[in-house]
Amino acid sequence: MKKYFVFFLLIFLQHSCKSPKEPQTLSISAESGLIAEHAMVVSARKEASEIGLEIIKQGGNAFDAMVATEMALAVAYPYAGNLGGGGFMVYRLNNGESGALDFREKAPLRSHRNMYLDSIGKVAPQKSRFGSMAVGVPGTVAGIFAVHEKFGSLPMKHILAPVIKLAQTGFVVTPKQAASLAQHKNAIVKANHQNILFAKAHDAGDSIKNPALAATLKRLAANGREEFYSGETAKKLVQFLQKKGGIISMEDLAAYHVKWRDPVIFQYDDLRVLSMSPPSSGGIVMGQIMKMIEPYPLHEYGHNSVKAIQVLTEAERRAYADRSFFLGDPDFVEIPTENLLSDEYLNERMSSFSFKKATPSEEIGHGNIQLTESMETTHYSIVDAEGNAVSVTTTLNGAYGSKLYVDELGFFLNNEMDDFSAKPGVPNMFGLIGAEANAIAPEKRMLSSMTPTIVEKEGRLWMVLGSPGGSTIITSVMQTILNVSEFGMGMQQAVNAPRFHHQWLPDEVRFEPHAFSETTLGSLRKKGYHIEVGESTIIGKVDAILVLPSGKLEAGADRRGDDAAAGF
């Protein structure tokens, strides 16, 4: 812990028998999550978690389970689970070796920096968000085969068998899923037609079978990675997109490749945090925030207290301003990672902070953006019986991506091109601003907020976590770590805890509704903070695993969704 806080603690104990570490009164229950002795999978759907765990029970490792869980989400959670998108993975082997996989989508070869500007140079946002021109070259299938080739222990046919069965026999529609399909039905119909599978009416309790996706998965199991990038599936995909006016070609698919990268690693007190490197902004931005707040005794301030919220908000404000300028695809731009995470730089960044009043964002950086909350990503965390861990965040970007559904293949396509800076200084659908570093270029990977993360404590695996949530992903993951490390919560309690978010611009702090007292919010307003509490505001859906002192595993499956854990 922080040196000066240890000093404070010793002085305090001389005057009181009550420890400052005593749990505080929180607006959440102290319930624990599922406890398992050997292995755990936590994801957005019960079916996916159970299939991933079953693969481990059958002798597979965390990486085999990753493949199974990823594909099961494509079946049962088409909102974000996918074959037509991409994502990131951070892993840690049981010997401490770690790494990261980038299977993010890429811009097509025929893309160019001004492709979403109209005749007078204004951004036409609908083009980058809906339909064929919004689609980036998918990376998910390449990702699962790269993972399997490097770390897999079971045959791919064996791993995909239960996923194919799920697609054939069907999954049960949950109430939240029924509401989601109803909400987006018009957009899905507009992009496709009335008769596609997910444009039909689906009520809670219905079962959805997807024989087209089952057939696609069978071809992948039989023919491998190339089925998707040069085989029959590739040809059908390109024909579909070109018929819809898209620019992705067979050459684009053939040229796609994943990237094995080094994760961003930083220290916070006694924790060693491993998170995703660019083109994800997650690791660097979270590292900046946590290193800026490290000198402050957060647990002395109290969980979600005015002072704790101030410290986090001011650090977030500064880190997101840096994100907008410096970060992009490291294969195209030079990113000053070491400088951005240096103590000297971050101390200087926080030097203008005062508890007396808010620091206006216009004094930190410049720009004019709007926040749009989004949950259209999904995350899963896995620990196997040998102690290997994977943290994976995957996405179509928007809800059901571009809304384009390849009926013959059984899956939706992404709208990841919106994550580029269509025009520097103009916000994307998540309200995030970008600069030249994230401008569109052929074969470039777009910047992301996805933050799959693994945390070590005393040299051992301690936590595996991540979240969907667009621009709120980074702050959701960070607050969950702090809830355990600073405020002594269990994993499920930490995931359940109310969250808040600030991203530089717009200059507002967004809070989950019905979760923060008017006293707290009023105190922040008096200090100059602009408060936003929306009825529909949901900040992240964290799925996490904590290694308990006993060595057992505790799950944290987010109550905000249909998320579920499976373990044994």
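Conventions and cut-offs
Residues numbered from 1 in each chain as written. Predicted model: local features only at pLDDT ≥ 70, side-chain atom pairs only at ≥ 80, totals over all residues. Heavy atoms only, no water. Axes fitted to C-alpha atoms, helices over the stretch in contact; angles between N-to-C directions. Helix = DSSP H or I, 4+ residues; strand = E, 2+ residues; numbered from the N terminus. Parallel < 35°, antiparallel > 145°, perpendicular 65-115°, else oblique. Contact = heavy atoms within 4.5 Å. pLDDT = per-residue confidence, 0-100. Pairing = 2+ DSSP bridges. Nonpolar A, V, L, I, M, F, W, Y, C, P; charged D, E, K, R; others polar. 1 Å grid on protein atoms, 1.4 Å probe; cavity = no way out; pocket = protein on both sides within 12 Å on 5 of 7 lines; lining within 4 Å. Points joined across faces, edges and corners; volume = space filled by probe spheres on them. Buried < 20%, exposed > 50% of the residue type's maximum accessible area, 1.4 Å probe, protein only. Polar contact = N/O pair within 3.5 Å; in protein donor to acceptor, adjacent residues only side chain to side chain.

1. Things to note about the packing of helix α12 (residues 282-293) against helix α16 (residues 343-350)
Okay, step 1: Running from N to C, α12 and α16 cross one another at 70 degrees; their axes reach a closest spacing of 9 Å. With respect to α16, the element α12 is oriented roughly perpendicular. Here α12 contributes Gln 288, Lys 291 and Met 292 to the contact with α16, which in turn contributes Asp 343, Tyr 345, Leu 346, Arg 349 and Met 350.

2. Some points on the confidence of the model for the chain
Okay, step 1: For the chain, per-residue confidence averages 90 on the pLDDT scale, and residues scoring 70 or more make up 90% of the total.
Okay, step 2: The model gives residues 366-374 a pLDDT under 50, and that stretch makes 41 contacts with residues more than four places away or in other chains.

3. Overview of the sheet that holds strand β16 (residues 500-501)
Okay, step 1: On the basis of which strands lie adjacent, the open sheet formed by three strands has the order β16-β17-β18 and mixed pairing. Each having just a single partner strand, β16 and β18 (531-533) make up the two edges of the open sheet.

4. Brief notes about the packing of helix α6 (residues 156-169) against helix α8 (residues 211-223)
Okay, step 1: Remark: α6 packs on α8, axes separated minimally by 8 Å, with the N-to-C direction vectors making an angle of 170 degrees. Classed by the angle they form, the pair α6 and α8 counts as roughly antiparallel. Here α6 contributes Lys 157, Leu 160, Val 163, Ile 164, Ala 167 and Gln 168 to the contact with α8, which in turn contributes Pro 211, Ala 214, Leu 217, Lys 218, Ala 221 and Ala 222.
Okay, step 2: Classifying every residue of the contact of α6 with α8 gives nine nonpolar, one polar and two charged.

5. Focus on the side chain of Thr 480
Okay, step 1: Relative to the elements of secondary structure, Thr 480 occurs in helix α17 (residues 473-485).
Okay, step 2: With residues near it in sequence (within four places) discarded, Thr 480 still touches Leu 465, Met 491, Ala 494, Val 495, Arg 499 and Val 542.

6. A closer look at the layout of surface pockets
Okay, step 1: Here the second largest pocket is characterised by a volume of approximately 460 Å³.
Okay, step 2: Every residue lining the second largest pocket is counted, 22 residues in all, and those nearest its centre are Leu 461, Val 547, Leu 548, Pro 549 and Gly 551.
Okay, step 3: Looking at the lining of the second largest pocket, the elements that each hand over two or more residues are β15 (460-466) and β19 (543-547).
Okay, step 4: In terms of residues, the lining of the second largest pocket owes the most to one element, β15, which gives three residues.

7. Some details on the side chain of Arg 499
Okay, step 1: Positionally, Arg 499 belongs in the loop between α18 (491-496) and β16.
Okay, step 2: On the accessibility criterion, Arg 499 (0% relative accessible area) is buried.
Okay, step 3: In terms of polar contacts, Arg 499 uses its side chain to reach the backbone carbonyl oxygen of Val 495, at 3.0 Å.

8. A word on the sheet that holds strand β2 (residues 40-43)
Okay, step 1: Within the open sheet, the seven strands sit side by side as β7-β4-β3-β11-β10-β2-β21. Their pairing is antiparallel. Two strands close off the open sheet at either side, each with one partner strand: β7 (259-261) and β21 (564-567). Pairwise comparison of adjacent strand axes, ignoring direction, gives a mean angle of 15 degrees for this sheet.
Okay, step 2: The pairing of strand β3 (residues 86-92) with strand β11 (residues 389-395) spans seven bridges and is antiparallel. Within the sheet, the bridge partner assigned to Val 90 lies in β11 and is Ser 391.
Okay, step 3: The strands touched by helix α5 (residues 140-151) are β3, β4 (98-103), β7 and β11; relative to β4, the strand with the most contacts, the crossing angle is about 150 degrees.

9. Considerations on the pairing of β3
If a strand is regular, its side chains alternate between the two faces of the sheet.
Okay, step 1: Counted residue by residue, β3 has seven buried out of seven residues, so it is predominantly covered.
Okay, step 2: In terms of strand pairing, β3 meets β4 through six bridges, oriented antiparallel. Note that in β4 the partner of Tyr 91 across the bridge is Gly 99.
Okay, step 3: Taking the residues that link successive antiparallel strands as the turn, the β3-β4 hairpin has five residues, and the phi of Gly 96 there is positive, at about 95 degrees.

10. Thoughts on empty space enclosed by the protein
Okay, step 1: The tally for this structure, following the rule as stated, stands at five cavities of 30 Å³ or more.
Okay, step 2: In this structure, the second largest cavity spans a volume of roughly 80 Å³.
Okay, step 3: In this structure, the second largest cavity is lined by Leu 298, His 303, Asn 304, Ala 308, Leu 312, Gln 479, Leu 482, Asn 483, Phe 487 and Phe 500.
Okay, step 4: Of the residues forming the lining of the second largest cavity, the biggest block, three residues, is contributed by α17.
Okay, step 5: Partitioned by chemical class, the residues of the lining of the second largest cavity number six nonpolar, four polar and no charged.

11. Looking at unusual backbone geometry
Okay, step 1: Here the residue pair Pro 278 and Pro 279 is connected by a cis peptide bond, since its omega of 20 degrees sits within 30 degrees of zero.
Okay, step 2: Along the polypeptide, Pro 279 turns up in the loop between β9 (271-275) and α12.
Okay, step 3: The amide bond that connects Leu 505 to the next residue, Pro 506, takes the cis arrangement and shows omega of 0 degrees.
Okay, step 4: Counting through the fold element by element, Pro 506 comes out in the loop between β16 and β17 (509-511).
Okay, step 5: A positive phi angle, near 75 degrees, is found at Lys 403, a position not held by glycine.
Okay, step 6: Take Lys 403: it is sitting in the loop between β11 and β12 (405-406).

12. Description of the environment of Glu 97
Okay, step 1: By the element assignment, Glu 97 lies in the loop between β3 and β4.
Okay, step 2: What makes Glu 97 partly exposed here is its relative accessible area of 41%.
Okay, step 3: Sequence separation between Glu 97 and Asn 388 is 291 residues, and the spatial gap between their C-alpha atoms is 9.6 Å.
Okay, step 4: Among all residues touching Glu 97, those that are not within four sequence positions of it are Tyr 91 and Arg 92.

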